[in-house]
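So the chains spell out like this:
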Amino acid sequence: MVTKQKILIVDDDSNIAELISLYLVKECFDTLIVGDGESALAAFDTFEPNLVLLDLMLPGIDGYQVCRELRTRSQTPIIMLSAKGEVFDKVLGLEMGADDYMEKPFDSKELVARVKAVLRRYKPIVTETEPSDDKVVKYQDLEINMTNYSVNYQGSRLDMPPKELELLYFLASSPNRVFTREQLLDQIWGYEYVGDTRTVDVHIKRLREKIKDHETWRIATIWGIGYKFEVS
């Protein structure tokens, strides 16, 4: 018997939450609804969801704080839901560690499609013995391992959300090759992704905050085109 994937729905509007749950249950997901940030953090540990749908405007602890706290515990995918449609709010949500962002009101079918897309892209960290055919890219002071989704930087393991790691690995696997934002969006997020190329810029910014330019390599911006992993 196939175990249903579990979705934690965090929204203080019970009507919206129930509607989301209805559509997801029809698609054979198991759902749990909570209405505030504190309950979300508690439910995350007990329910152990495969993905979190997180409203930003919550009583008490808001969605940004919940997202930040969840990212200290897990890399479980998070899709933020908000009536705030400004670019600043979207970028802030992504910088907090969200995997996607949807504006309210949204089409329920699109939401289900995005949930499925994010779950397809997400691969949890593997803790078992690694096979001999590891997908690893190594540079001085940097090792990116796609087999167990780990990054070692300057001798220490670096915590990194899946999409950031996949983007870094993809660039580093083709040193000095320039990729457009559209190419990176297609390769990392998939053709079905509905977001725009700003998503790539946000993730590059987050990578640069964690991994500084090295004397022998760096993530370079090719103005007007895209990015490359530059090796000297």
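Described in the following lines is the structure provided in the data block. As the structure is a computational prediction, the values presented were derived from the model and not from experiment.

Quick look at the pairing of strand β6 (residues 136–139) now. Residue alternation in β6 divides its side chains into a buried set, V137 and Y139, and an unburied set, V136 and K138. Between β6 and strand β7 (residues 142–145), which pair antiparallel one after the other, the connecting turn spans 2 residues, and D141 there sits at a positive phi close to 70°.

Taken as a whole and assessed by the stated rule, the structure comprises 15 salt bridges. Across the pair K104 and D55 runs a salt bridge whose closest N-O atoms are separated by 3.1 Å. Residue K104 is located in the loop between β5 (100–103) and α5 (108–121), and its partner D55 is located in strand β3 (residues 51–55); the two are separated by 49 residues in the primary sequence. For the salt bridge of D100 with R114, the shortest nitrogen-to-oxygen distance reads 3.0 Å. Taken as a pair, D100 in strand β5 and R114 in helix α5 lie far apart in primary sequence, 14 residues in all. Both residues of the pair, D100 and R114, count as buried. The structure contains a network of salt bridges with shared partners spanning D11, D55 and K104.

Note on sheets: strands pair through backbone hydrogen bonds, and any given pair is parallel or antiparallel. Within the open sheet, the 5 strands sit side by side as β2-β1-β3-β4-β5. Their pairing is parallel. Two strands in the sheet have a free side with no partner beyond their single neighbour: β2 (30–34) and β5. Across the sheet, the mean angle separating the axes of adjacent strands is 20° when strand polarity is ignored. Alignment of strand β1 (residues 6–10) against β3, held across 4 bridges, turns out to be parallel. The partner of V10 across the bridge, within β3, is L54.

Here the focus is the sheet that holds strand β10 (residues 179–180). Taken in spatial order, the 3 strands of this open sheet run β10-β12-β11, and their pairing is antiparallel. Two strands bound the open sheet, and with one partner strand each, they are β10 and β11 (217–222). Here β11 runs beside strand β12 (residues 226–231); their pairing, made up of 6 bridges, is antiparallel. Across the sheet, residue I219 finds its bridge partner in β12, namely F229. Packed onto the sheet, helix α6 (residues 162–172) meets β10, β11 and β12 and runs at close to 60° relative to β12.

In summary, soluble globular proteins display a tendency toward joint burial of nonpolar side chains. The biggest cluster of nonpolar side chains holds 29 residues, and the ones touching the most others in it are L142, I144, L167, L168, L171, L184 and F229. Sorting the residues of this core by element identifies β6, β7, β8 (150–153), α6, α7 (181–189), α8 (198–210), β11 and β12 as the ones contributing at least two each. For this core, the leading source of residues is α6, giving 7 residues. Apart from residues lying up to four places away in sequence, L171 is in contact with F179, L184, I204, I219, Y227, K228 and F229. Of all hydrophobic cores here, the second largest spans 21 residues; its members include V34, L41, V52 and Y64.

Moving on to the packing of aromatic side chains. Throughout the structure, instances matching the rule amount to 3 aromatic pairs. A centroid spacing of 5.6 Å and a plane angle of 15° characterise the contact between W217 and F229, whose relative ring orientation is stacked. Of this pair, W217 sits in strand β11 while F229 sits in strand β12; the two residues are 12 residues apart in sequence, bridging distant segments of the chain. A relative accessible area of 3% places W217 in the buried class. A connected cluster of aromatic rings, assembled from ring pairs, spans Y139, W217 and F229. Sitting above the plane of the F47 ring, K6 keeps its charged end 5.2 Å from the centroid. Directly above the ring of Y23 sits K26, whose terminal nitrogen or CZ lies 5.6 Å from the centroid.

Definitions and limits used
- Residues numbered from 1 in each chain as written.
- Predicted model: local features only at pLDDT ≥ 70, side-chain atom pairs only at ≥ 80, totals over all residues.
- Heavy atoms only, no water.
- Buried < 20%, exposed > 50% of the residue type's maximum accessible area, 1.4 Å probe, protein only.
- Helix = DSSP H or I, 4+ residues; strand = E, 2+ residues; numbered from the N terminus.
- Pairing = 2+ DSSP bridges.
- Salt bridge = Lys/Arg side-chain N within 4 Å of Asp/Glu carboxyl O.
- Axes fitted to C-alpha atoms, helices over the stretch in contact; angles between N-to-C directions.
- Contact = heavy atoms within 4.5 Å.
- Core = buried A, V, L, I, M, F, W, Y, C linked by side-chain atoms within 4.5 Å.
- Phe/Tyr/Trp six-rings, centres within 6.5 Å; stacked < 30°, edge-to-face > 60°.
- Lys NZ or Arg CZ within 6 Å of the ring centre and 35° of its normal.

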